Amino acid sequence: MSASARLGQVASHLSSDKAPRTQIGVKNPDDVVIVQALRTPITRARKGGFKDTTSEYLLGNILKGVLERSKLDPALVDDICVGNVCPPGGGATLARMAAIYAGFPHTTSVQTVNRQCSSGLQAVVHIAHAIQAGMIDIGIGAGVESMTQFYGPKHSVVPDVMNDEVLAAPGVADCLIPMGFTSENVAHDFKISRGKQDAFAALSHQRVEKAQKEGLFDAEIYPIKTKIVDKDGNEKEIVVSRDDGLRAGTTAESLGKLKPAFSAEGSTTAGNASQVSDGAAAVLLMKRSRALELGLSIQGKLIASAVAGVPPRIMGVGPAYAVPAVLKKTGLTVDQLDVVELNEAFASQAVYSMEKLGLDINKVNPKGGAIALGHPLGCTGARQISTLLTELKRQDKRVGCTTMCIGGGFGMAAIFESEH
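Residues numbered from 1 in each chain as written. Predicted model: local features only at pLDDT ≥ 70, side-chain atom pairs only at ≥ 80, totals over all residues. Heavy atoms only, no water.

**Q** Lay out the overall build of the protein in plain terms, naming residues and giving numbers.
**A** Along the backbone of the protein there are 14 helices and twelve strands. Against the globule reference of 22 Å for 420 residues, the protein gives a C-alpha radius of gyration of 20 Å, in line with a compact fold. Projected onto the principal axes, the alpha-carbon positions of the protein cover approximately 60 × 55 × 55 Å. Taking as baseline every contact in the protein between residues at least 6 positions apart, the subset at least 24 positions apart corresponds to 80%. Of the side chains in the protein, 44 bear a positive and 42 a negative charge, and the two mean positions are spaced by 3 Å. (Helix = DSSP H or I, 4+ residues; strand = E, 2+ residues; numbered from the N terminus. Rg over C-alpha atoms; globule rule 2.2 N^0.38 Å. Contact = heavy atoms within 4.5 Å. Lys, Arg positive; Asp, Glu negative; His and termini not counted. Charge placed at Lys NZ, Arg CZ, Asp CG, Glu CD.)

Right under this line is the structure:
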């Protein structure tokens, strides 16, 4: 961060009622820092490398990976919060099973959280808040989703019967609009052309393809040994070490040949929307003073987070409102963000959010995003943190933002500082 930018941030803090406790460029013993942020590869649901791998196995192995990479005694971890969306029972039992399997003692508590597509980020923020409040010392915020197991026509996310009086209230029924139709609403209301959407989607694939060839994901991925069943019913052991959602050679022209998926006159297709995927990610957090006491290296720190509500029928615009909300808390401007990991739920909403915020396309998802990588719902918010911090380190930059839209009509965003 430049001297002038830093002075601007300080001036903003001084002019506000209350300065944030965590500031960029200032190392405070009470900072909530990230010691390890790690993810599994992301694979195609029902087709990819994790199609025969269960949710608790994915989560258990990424938790093992965090312990292995950090060399932390698992008994020191007070609480684990796991973001997930689709599992029955809120995934609570599966999360506990995964933690015990990973080697955490019974004394390490486990909870789950569901804030739809931001669940993984919300889990990290929950842990950060507990650390800031002095309720826990060390915690892990994680996210997992096996959309192979729990997503699709056989796994309804809404009850069969709902109250008519509630449904009749203005705006309530909009909460039930399928996500693909909310994408069409954004494209229609804000005139996001099919051409723009396809160009953005093609860029996502091209960036992922380039990043994979250059090994840019290697530092954030923890390879997973698992089993897969082939078309003949034979089971074999494999190691999944790469994301497999990429469609190499994708162009805007090739995407332009696909038919709309939700409306004959629409512009959202299977090619310019995020993929249905499987994956897990985890982030180990503690205060800076504790990390230094334990001799642990620090990847970065969480500066601030914010959630903003938007109309459910255009839920995809959420980042356009969540990012300004978190920037206001930090005294930063959009121009001071070095890298932005913007979840690509749909190209329509990603393009709208970029244009509304005035983001530089060169700073947004430089290694590609969910259209090419995939979007395991509960995992994404935690996955983006590992992607962001490794990219900030690669570019030798400091300040980054993760953000996503959220089903039901929200956006969430968080600011991080790399300490590479």
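**Q** Now, about a nonpolar patch on the surface: what can you tell me, with residues and values included?
**A** A cluster of nonpolar side chains, namely Val157, Val158, Met162 and Leu176, defines an oily patch on the protein surface of about 330 Å² accessible area. Turning to its location among the elements, Met162 is positioned in the loop between α5 (147-150) and α6 (164-168). (Patch = residues over 30% accessible without salt bridge, like charges linked within 9 Å, V, L, I, M, F, W, Y side chains within 5 Å. Areas by Shrake-Rupley, 256 points an atom, 1.4 Å probe, with all protein chains shown as cover. Salt bridge = Lys/Arg side-chain N within 4 Å of Asp/Glu carboxyl O.)

**Q** Hey, could you go over helix α2 (residues 55-70) for me, with residue numbers and the actual values?
**A** The end-to-end C-alpha separation of α2 is 23 Å, in line with the 22 Å expected for 16 residues at 1.5 Å each. Taken together, the buried positions of α2 are Ser55, Leu58, Leu59, Gly60, Asn61, Ile62, Leu63, Gly65, Val66, Leu67 and Ser70. One or two steps after α2, the chain reaches Lys71, where phi turns positive at roughly 60 degrees. (Expected span 1.5 Å × (residues − 1). Buried < 20%, exposed > 50% of the residue type's maximum accessible area, 1.4 Å probe, protein only.)

**Q** Quick one: what's the story with a positive patch on the surface, residue by residue and with numbers?
**A** On the surface, Arg44, Arg46, Lys47 and Arg247 cluster together to form a positively charged patch. Structurally, Arg46 can be placed in the loop between β2 (43-44) and α2.

**Q** Lay out helix α8 (residues 194-213) in plain terms, naming residues and giving numbers.
**A** For α8, with 20 residues, the first-to-last C-alpha span of 29 Å sits near the 28 Å given by 1.5 Å per residue. Among all positions in α8, only Gln197, Asp198, Phe200, Ala201, Ala202, Ser204, His205, Arg207, Val208, Glu209, Ala211 and Gln212 are buried. Those residues of α8 that are buried are in contact with α7 (179-189), α9 (252-255), α12 (347-357) and α13 (370-373).

**Q** Give me the lowdown on unusual backbone geometry, citing residues and values where you can.
**A** For Lys71, which is not glycine, the phi torsion reads 60 degrees and is therefore positive. Accessibility expressed as a relative area gives 71% for Lys71, which makes it exposed. For Asp396, which is not a glycine, the phi torsion comes out positive at approximately 55 degrees.

**Q** Now, about the pairing of strand β7 (residues 235-240): what can you tell me, with residues and values included?
**A** Of the strand pairs in this sheet, strand β6 (residues 224-229) and β7 are connected by six bridges, and their pairing is antiparallel. Residue pairing in the sheet places Ile224 in a bridge with Val240 of β7. (Pairing = 2+ DSSP bridges.)

**Q** Residue-level account of the packing of aromatic side chains, with values.
**A** One pair of aromatic rings is described through two measures. These are the centre distance and the angle between the planes. Throughout the structure, instances matching the rule amount to three aromatic pairs. When the centroid spacing of 4.3 Å and the interplanar angle of 35 degrees are considered together, the rings of Phe190 and Tyr352 count as tilted. One end of the pair, Phe190, is in the loop between α7 and α8; the other, Tyr352, is in helix α12, with 162 residues separating them in the sequence. (Phe/Tyr/Trp six-rings, centres within 6.5 Å; stacked < 30°, edge-to-face > 60°.)

**Q** Residues and numbers for the packing of α8 against α12, please.
**A** Running from amino to carboxyl end, α8 crosses α12 at an angle of 95 degrees, the nearest separation of the two axes being 9 Å. As far as their axial angle goes, α12 and α8 are roughly perpendicular. The residues of α12 that touch α8, namely those facing Lys196, Gln197 and Phe200, are Ala347, Ser348, Ala350, Val351, Met354 and Glu355. In terms of residue class, the contact of α8 with α12 is built from five nonpolar, two polar and two charged. (Axes fitted to C-alpha atoms, helices over the stretch in contact; angles between N-to-C directions. Parallel < 35°, antiparallel > 145°, perpendicular 65-115°, else oblique. Nonpolar A, V, L, I, M, F, W, Y, C, P; charged D, E, K, R; others polar.)

**Q** Tell me about the nonpolar core, and name the residues and values.
**A** Among soluble globular proteins, nonpolar side chains are generally buried collectively. Membership of the largest hydrophobic core comes to 38 residues, with the highest contact counts inside it found for Phe200, Leu327, Leu337, Val340, Leu359, Cys401 and Ile415. When residues of this core are traced back to their parent elements, those giving at least two are α7, α8, β9 (300-309), α11 (318-330), β10 (339-342), α12, β11 (399-406) and β12 (410-418). No other element matches the six residues that α12 contributes to this core. Non-local contacts of Cys401, meaning those with residues more than four positions away in its chain, are made with Val323, Leu337, Val339, Val340, Glu341, Leu388, Ala413, Ala414 and Ile415. Leu67, Ala95, Ala102 and Val144 belong to the second largest nonpolar core, which has 35 residues in total. (Core = buried A, V, L, I, M, F, W, Y, C linked by side-chain atoms within 4.5 Å.)

**Q** Explain the environment of Leu292 to me, using residue names and the numbers behind them.
**A** With respect to the helices, strands and loops of the structure, Leu292 is situated in helix α10 (residues 288-293). For Leu292, a relative accessible area of 57% corresponds to the exposed category. Linking Leu292 and Pro29, residues 263 residues apart in sequence, is a C-alpha distance of 8.9 Å.

**Q** Can you tell me about the pattern of salt bridges, naming the residues and giving the values?
**A** Under the defined criterion, the tally for this structure stands at 21 salt bridges. The closest approach of N and O atoms between Arg288 and Glu419, which form a salt bridge, is 2.6 Å. Placement of the pair is Arg288 in helix α10 and Glu419 in the segment after β12, with a sequence separation of 131 residues. Here Arg288 and Glu419 have matching classes, each one buried.

**Q** Explain the packing of α2 against helix α3 (residues 92-102) to me, and be specific about the residues and the numbers.
**A** The N-to-C vectors of α2 and α3 enclose an angle of 40 degrees; their axes lie 8 Å apart at closest approach. When the axes of α2 and α3 are compared, the pair comes out oblique. Our pair here, α2 against α3, has a crossing hand that is right-handed. On α3, the residues touching Ser55, Glu56, Tyr57, Leu59, Gly60, Asn61, Leu63, Lys64 and Leu67 of α2 are Leu94, Ala95, Met97, Ala98, Ala99, Tyr101 and Ala102. Classifying every residue of the contact of α2 with α3 by side-chain character gives eleven nonpolar, three polar and two charged. (Left-handed = near helix turned anticlockwise from the far one by under 90°.)

**Q** Break down the pairing of β9 for me, with residues and values.
**A** By the criterion of burial, β9 is predominantly enclosed, with eight of the ten residues buried. Direction of pairing for β9 relative to β12: antiparallel, over a ladder of nine bridges. From the neighbouring strand, Gly309 faces β12, where its bridge partner is Phe410.

By themselves, these figures tell us nothing about what the structure is for.
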